[in-house]
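# Tertiary structure, described
Chain by chain, the residues:
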Amino acid sequence: GTSGERGLVKAAIGSTAETIFRSSTIPVLTVGPHCRCTGKGEATLKTVLCSTDFSPGAEIALPYAVSLANKNEAELVLLHVKDDRDVPFSFDRAMASEEPMEQLRNLVPEDAATHKSPTCFVGFGKPDAVILDEASSRNADLIVMGARGTGALTAIVSHFGGGTAFKVAASAKCPVLTIRT
């Protein structure tokens, strides 16, 4: 679990959850303070949202998302977020989303054993905010995403502001599975 601490408390003590998922050699499931999980009965997955930034290593999260969606016969939503400061108008956004949309469609090979074809979506805005909004609007039961591993710059950003993965894990209304990239 994570308390989702931010601001001075996070700057002073850091985040144990973020330190763990950034250094772990295995995937880490985080349940944040806003999670709507009841803890009663068996968890069921109806919608799995997998966010990718197409960076090197980001593709390692995809097999986990595909596998979990298939095993649970859940909908798989593939999401890529573009920062919208450079794409202010809807026509420009449509043009800017074409290439990433094609990349999303090609992430899951056609011969992969999938329950059904994934839904692909390109969002615009701050990545953490868009991921959280999409997860909420699609009633996602799980978010799957990569988290960059430890390093000097990553450690500093994580300690003071928190990277995208931390912000999502701390604020999501569902569990977040992070895989170190």
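Look up: the structure comes first, before these words.
This is a predicted model, so every value here is computed, not measured.

Here the focus is the environment of His 115. By the element assignment, His 115 lies in the loop between α4 (90-107) and β4 (119-124). For His 115, a relative accessible area of 38% translates into the label partly exposed. Here the alpha-carbon distance between His 115 and Glu 75, two residues 40 residues apart in the chain, equals 8.2 Å. Contact partners of His 115, with chain neighbours within four places excluded, come to Asn 70, Glu 73 and Ala 74.

The next thing to look at is helix α2 (residues 16-23). Where α2 is concerned, the buried positions are Ala 17, Glu 18, Phe 21 and Arg 22. Viewed end-on, α2 has its buried residues packed into an arc of 120 degrees, placing them on one side of the element. In α2, the exposed positions that point more than 90 degrees away from the buried face belong to Thr 16 and Thr 19.

The next subject is the environment of Phe 54. Mapping Phe 54 onto the fold places it in the loop between β2 (47-51) and α3 (62-71). When the C-alpha atoms of Phe 54 and Gln 103 are compared, they prove to be 8.4 Å apart, with 49 residues separating the residues in sequence. Not counting residues within four places of it along the chain, the set of residues in contact with Phe 54 comprises His 80, Pro 100, Gln 103, Leu 104 and Leu 107.

Two side chains with opposite charge may pair up if their charged atoms get near one another. As enumerated under the stated definition, the model contains 3 salt bridges in all. Across the pair Arg 105 and Glu 102 runs a salt bridge whose closest N-O atoms are separated by 3.4 Å. Here Glu 102 and Arg 105 lie together in helix α4, a separation of 3 residues that amounts to about one turn. Overall, Arg 105 belongs to the partly exposed group, its relative accessible area being 46%. On the accessibility criterion, Glu 102 (38% relative accessible area) is partly exposed. Among the ionic pairs, Arg 138 bridges to Glu 134, the shortest N-O distance being 2.7 Å.

Rules of the game
Residues numbered from 1 in each chain as written. Predicted model: local features only at pLDDT ≥ 70, side-chain atom pairs only at ≥ 80, totals over all residues. Heavy atoms only, no water. Helix = DSSP H or I, 4+ residues; strand = E, 2+ residues; numbered from the N terminus. Buried < 20%, exposed > 50% of the residue type's maximum accessible area, 1.4 Å probe, protein only. Contact = heavy atoms within 4.5 Å. Arc of directions from axis to C-beta. Salt bridge = Lys/Arg side-chain N within 4 Å of Asp/Glu carboxyl O.

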